[in-house]
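# Report on the structure
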Amino acid sequence: ATAKRPASPAMQRFIRAIPSATKRLALLRVYASQPSIRETGFHCSRAILASASSTSSSTSFWDKVKGKLFPDNVHENEAFTAEIRRLVKCAASDDEKLNRHAAIEMAKWSTIDPSGRVQMNIGMISSNRVRMVREGAIPHLMKLRNSENNKTRENAVKALSNLKIHDEVSVKTALEGGCAPALVALIATENEPSTQLYGLDCVESVLSHDPEGDYRKKLEDSNLKSTLESVLQAIETEKEIEGVEEDLELEKAAKRVLEMLE
């Protein structure tokens, strides 16, 4: 099964650790038949597979594994959510190598390859984008785009571009995937102005593509209005201290979104 698609050394060690020859063969079949597993690495799924391999013999091991890795609700896929969390931790690290690894992987996991050599199916990529927003990847990627390392910087910018909520499809995917609290959190005063502007831009897109008001309610339930008011108050205080009179870019964006809520 792996003759044409050789498993990684980590994958090979994991397969050899499974005592049952029948289960090893079933696992190899899943591995060979699923591009998303081969391309993204198998380490994120070891715990799930270990659990599946210990189930009773009356349950089909192959079906058990596929059910765990590819559930009907892809937003709740535990293995990929765990991997996104690991990447976010790497992005938050002070280690440049971990930062570069996180930026490269998040860019890859959120990109649809136009050449047709797709790392993952489109549904899985959309779900990965939701996970990254939901798990707080954006503030760290905003910092990494200023990295001194070219590879880190380029991939952070690419990932941020992929995660941008700008059209009807991305709005629907993000809000139905539970990203409203994460989007509001981006606007909070403790973030850098660039991160706040990114969040405001996304929220403005949500409100612009929400004729029924369903997504607006989700944002309001996540304290959007009070967050905007806090941001504007902080800006006003800063302007008084520095003697600035004209509206700042962040202030204009916050006021624009607040008006959309009225």
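Look above for the structure.
Attention here is on the structure that accompanies the text. (Residues numbered from 1 in each chain as written. Predicted model: local features only at pLDDT ≥ 70, side-chain atom pairs only at ≥ 80, totals over all residues. Heavy atoms only, no water.)

Turning our eyes to something else, we now look at helix 7 (residues 96–109). Every α-helix carries 3.6 residues per turn, so stepping three or four residues along brings you back to the same face. Between its first and last C-alpha, helix 7 extends 20 Å over 14 residues, near the 20 Å set by a 1.5 Å rise per residue. The opening residue of helix 7 is Asp95, an N-cap whose side-chain oxygen sits 2.8 Å from the backbone nitrogen of Lys97. (Helix = DSSP H or I, 4+ residues; strand = E, 2+ residues; numbered from the N terminus. Expected span 1.5 Å × (residues − 1). Polar contact = N/O pair within 3.5 Å; in protein donor to acceptor, adjacent residues only side chain to side chain.)

There is a patch of like negative charges on the surface, built from Asp94, Asp95, Glu96 and Glu148. Judged by relative accessible area, Glu148 falls into the exposed class, the value being 81%. (Patch = residues over 30% accessible without salt bridge, like charges linked within 9 Å, V, L, I, M, F, W, Y side chains within 5 Å. Areas by Shrake-Rupley, 256 points an atom, 1.4 Å probe, with all protein chains shown as cover. Salt bridge = Lys/Arg side-chain N within 4 Å of Asp/Glu carboxyl O. Lys, Arg positive; Asp, Glu negative; His and termini not counted. Charge placed at Lys NZ, Arg CZ, Asp CG, Glu CD. Buried < 20%, exposed > 50% of the residue type's maximum accessible area, 1.4 Å probe, protein only.)

Turning our eyes to something else, we now look at the state of the cysteines. In total, this model carries zero disulfides according to the counting rule given. There is no disulfide at Cys179, and the cysteine sulfur nearest it, in Cys202, is 9.7 Å away. Overall, Cys179 belongs to the buried group, its relative accessible area being 0%. (Disulfide = S-S within 2.5 Å.)

Interhelical geometry of helix 9 (residues 137–144) versus helix 10 (residues 150–163) gives an angle of 140° and a closest axis separation of 8 Å. Handedness of the crossing formed by helix 9 with helix 10: left-handed. Here Ile138, Leu141, Met142 and Leu144 of helix 9 lie close against helix 10, whose contacting residues are Thr152, Arg153, Ala156, Ala159, Leu160 and Leu163. Each residue belonging to the contact of helix 9 with helix 10 can be placed in one class, and the counts come to eight nonpolar, one polar and one charged. (Axes fitted to C-alpha atoms, helices over the stretch in contact; angles between N-to-C directions. Left-handed = near helix turned anticlockwise from the far one by under 90°. Contact = heavy atoms within 4.5 Å. Nonpolar A, V, L, I, M, F, W, Y, C, P; charged D, E, K, R; others polar.)

Attention now goes to the environment of Lys252. Topologically, Lys252 is positioned in helix 16 (residues 249–261). Using a relative accessible area of 46% as the deciding quantity, one classes Lys252 as partly exposed.

This next bit is on the nonpolar core. Among the nonpolar cores identified, the biggest contains 53 residues, and Met106, Leu183, Leu224 and Leu228 are the most heavily contacted of them. With residues near it in sequence (within four places) discarded, Leu224 still touches Val184, Ile187, Val203, Leu219, Val257 and Leu261. (Core = buried A, V, L, I, M, F, W, Y, C linked by side-chain atoms within 4.5 Å.)

To continue, consider unusual backbone geometry. In this structure, Asn223 takes a positive phi of about 65° despite not being glycine. Structurally, Asn223 is set in the loop between helix 14 (214–221) and helix 15 (224–242).

Moving on, we come to the pattern of salt bridges. This model, assessed by the stated rule, comprises nine salt bridges. Across the pair Glu135 and Arg85 runs a salt bridge whose closest N-O atoms are separated by 3.1 Å. With Glu135 in the loop between helix 8 (122–134) and helix 9 and Arg85 in helix 6 (residues 78–92), the pair connects residues that are 50 residues apart, well separated along the chain. The class for Arg85 is partly exposed, based on a relative accessible area of 45%. Among the salt bridges present, the one from Glu204 reaches Arg256, with a minimum N-O distance of 3.1 Å. Separated by 52 residues along the polypeptide, Glu204 in helix 13 (residues 193–208) and Arg256 in helix 16 bring together distant segments of the chain. Note on Arg256: relative accessible area 39%, which makes it partly exposed. One network of salt bridges, in which partners are shared, links Lys239, Glu251 and Lys255.

Turning to the packing of aromatic side chains, a few remarks are in order. Under the criterion given, the structure shown has zero aromatic pairs. The ring of Tyr198 is capped by Lys164, whose NZ or CZ atom sits 4.3 Å from the centre of that ring. (Phe/Tyr/Trp six-rings, centres within 6.5 Å; stacked < 30°, edge-to-face > 60°. Lys NZ or Arg CZ within 6 Å of the ring centre and 35° of its normal.)

Take the layout of surface pockets next. By volume, the largest pocket is sized at about 220 Å³. Taken together, 17 residues make up the lining of the largest pocket; nearest its centre are Arg129, Asn162, Lys164, Ser170 and Thr173. (1 Å grid on protein atoms, 1.4 Å probe; cavity = no way out; pocket = protein on both sides within 12 Å on 5 of 7 lines; lining within 4 Å. Points joined across faces, edges and corners; volume = space filled by probe spheres on them.)

Our focus in this paragraph is helix 9. Across the eight residues that make up helix 9, a large majority, six, are buried. Among all positions of helix 9, only Ala137, Ile138, Pro139, Leu141, Met142 and Leu144 are buried.

The next point concerns the packing of helix 7 against helix 10. Relative to each other, helix 7 and helix 10 sit at 35°, their axes nearing to 8 Å. The two elements helix 7 and helix 10 cross, and the hand of that crossing is left-handed. Residues Glu96, Asn99, Arg100, Ala103, Ile104, Met106 and Ala107 of helix 7 form the contact with helix 10, whose own contacting residues are Lys151, Thr152, Asn155, Ala156, Lys158, Ala159 and Asn162. Its residues placed into classes, the contact of helix 7 with helix 10 shows six nonpolar, four polar and four charged.

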